[in-house]
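# Descriptive analysis of the structure
Listed below are the residues making up each chain.
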Amino acid sequence: MTNKTTPPPMATIIHDILRQHHLDETFESAANFHLRLENPPYLPLVIERHGNEVSMAHYFTQNGDAMRDPELTFRLPDWTPTSITQDPVGQYACVGNLPEGSRRRANLLADLTVFAHTWARNIRAQGFAGDGVKA
């Protein structure tokens with residue numbers, strides 16, 4: 001569980017990755033940021049920032065198109081998950097597309113938060129914050 005003093009696990013793993021590549025200050029100060037990490041045999045991992053939105057995605061190519069599987073977006077500064085995209089199954093869900101206070105919105109936010117915690121653990125276990133990862 002996170003609170004105001006403990007950053008969410010996804011924020012922690014992203015910051016660990018950025019520090020590993022000496023890009024943490026650039027990420028914090030840039031309005032737009034892009035980092036692609038190669039760590040075979042896993043799919044490439046891309047971290048982007050566009051203003052107050054952060055995107056993290058695994059990418060692969062299918063029929064010449066970049067496919068996200070998955071992409072999770074977060075709102076800064078609190079790292080609230082805002083959307084998920086899984087191109088191979090045609091899934092896109094966005095918290096902002098649901099009415100404020102609705103049960104569906106609350107359920108989606110809860111699901112994305114659980115997924116973000118699980119994915120952050122997986123990213124760490126896969127070694128994306130380690131020394132051998134190429135940017």
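Residues numbered from 1 in each chain as written. Predicted model: local features only at pLDDT ≥ 70, side-chain atom pairs only at ≥ 80, totals over all residues. Heavy atoms only, no water.

### Re the overall build of the chain
Tallying secondary structure elements over the chain gives three helices and six strands in all. Counting from the amino terminus, the chain carries its helices and strands in the arrangement α-α-β-β-β-β-β-β-α. For 135 residues, the compact-globule estimate of 2.2 N^0.38 gives 14 Å, and the C-alpha radius of gyration of the chain, at 15 Å, lies within 12% of that figure. Summarising its shape, the C-alpha atoms of the chain cover approximately 45 × 40 × 30 Å along the three principal directions. The buried share of the chain, taken over its 135 residues, is 41%. Nonlocal contacts in the chain, meaning residues at least 24 apart in sequence, comprise 38% of its contacts between residues at least 6 apart. Between the centroid of the 12 positive side chains of the chain and the centroid of its 15 negative side chains there is a distance of 6 Å. (Helix = DSSP H or I, 4+ residues; strand = E, 2+ residues; numbered from the N terminus. Rg over C-alpha atoms; globule rule 2.2 N^0.38 Å. Buried < 20%, exposed > 50% of the residue type's maximum accessible area, 1.4 Å probe, protein only. Contact = heavy atoms within 4.5 Å. Lys, Arg positive; Asp, Glu negative; His and termini not counted. Charge placed at Lys NZ, Arg CZ, Asp CG, Glu CD.)

### Considering the environment of Ile-14
Mapped onto the secondary structure, Ile-14 falls in helix α1 (residues 9-20). Overall, the relative accessible area of 0% leaves Ile-14 in the buried class. For the pair Ile-14 and Val-54, spaced 40 residues apart in sequence, the C-alpha separation works out to 9.9 Å.

### Regarding the nonpolar core
Generally speaking, soluble globular proteins have nonpolar side chains that are buried together. Formed by 31 residues in total, the largest nonpolar core has its most connected members in Ile-14 and Ile-17. Those elements that provide at least two residues to this core are α1, β1 (32-37), β2 (45-50), β3 (53-62), β4 (65-75) and α3 (103-125). With residues near it in sequence (within four places) discarded, Ile-14 still touches Ile-47, Val-54, Met-56 and Trp-79. (Core = buried A, V, L, I, M, F, W, Y, C linked by side-chain atoms within 4.5 Å.)

### Considerations on the pattern of salt bridges
In the structure shown here, the tally under the stated rule is seven salt bridges. When the shortest N-O distance is used, the salt bridge between Arg-68 and Asp-87 registers 3.0 Å. Of this pair, Arg-68 sits in strand β4 while Asp-87 sits in the loop between β5 (80-86) and β6 (91-94), and the two are 19 residues apart along the sequence. Residue class for Asp-87 comes out partly exposed when judged on its relative accessible area of 22%. (Salt bridge = Lys/Arg side-chain N within 4 Å of Asp/Glu carboxyl O.)

### Describing the pairing of β5
Of all seven residues in β5, six are buried; the element is thus mostly enclosed. Pairing analysis gives five bridges linking β4 to β5, with the strands arranged antiparallel. When the bridges of β5 are listed, Leu-72 appears paired with Ile-84. What sits between the antiparallel neighbours β4 and β5 is a turn of four residues, in which Trp-79 has the positive phi angle 60°. Alignment of β5 against β6, held across four bridges, turns out to be antiparallel. (Pairing = 2+ DSSP bridges.)

### Points about α1
Its twelve residues place the ends of α1 16 Å apart at the C-alpha level, agreeing with the 16 Å of an ideal helix rising 1.5 Å per residue. Those residues of α1 that sit buried are Met-10, Ala-11, Ile-13, Ile-14, His-15, Ile-17 and Leu-18. For α1, the elements touching its buried residues are α2 (24-29), β1, β2, β3, β4 and α3. (Expected span 1.5 Å × (residues − 1).)

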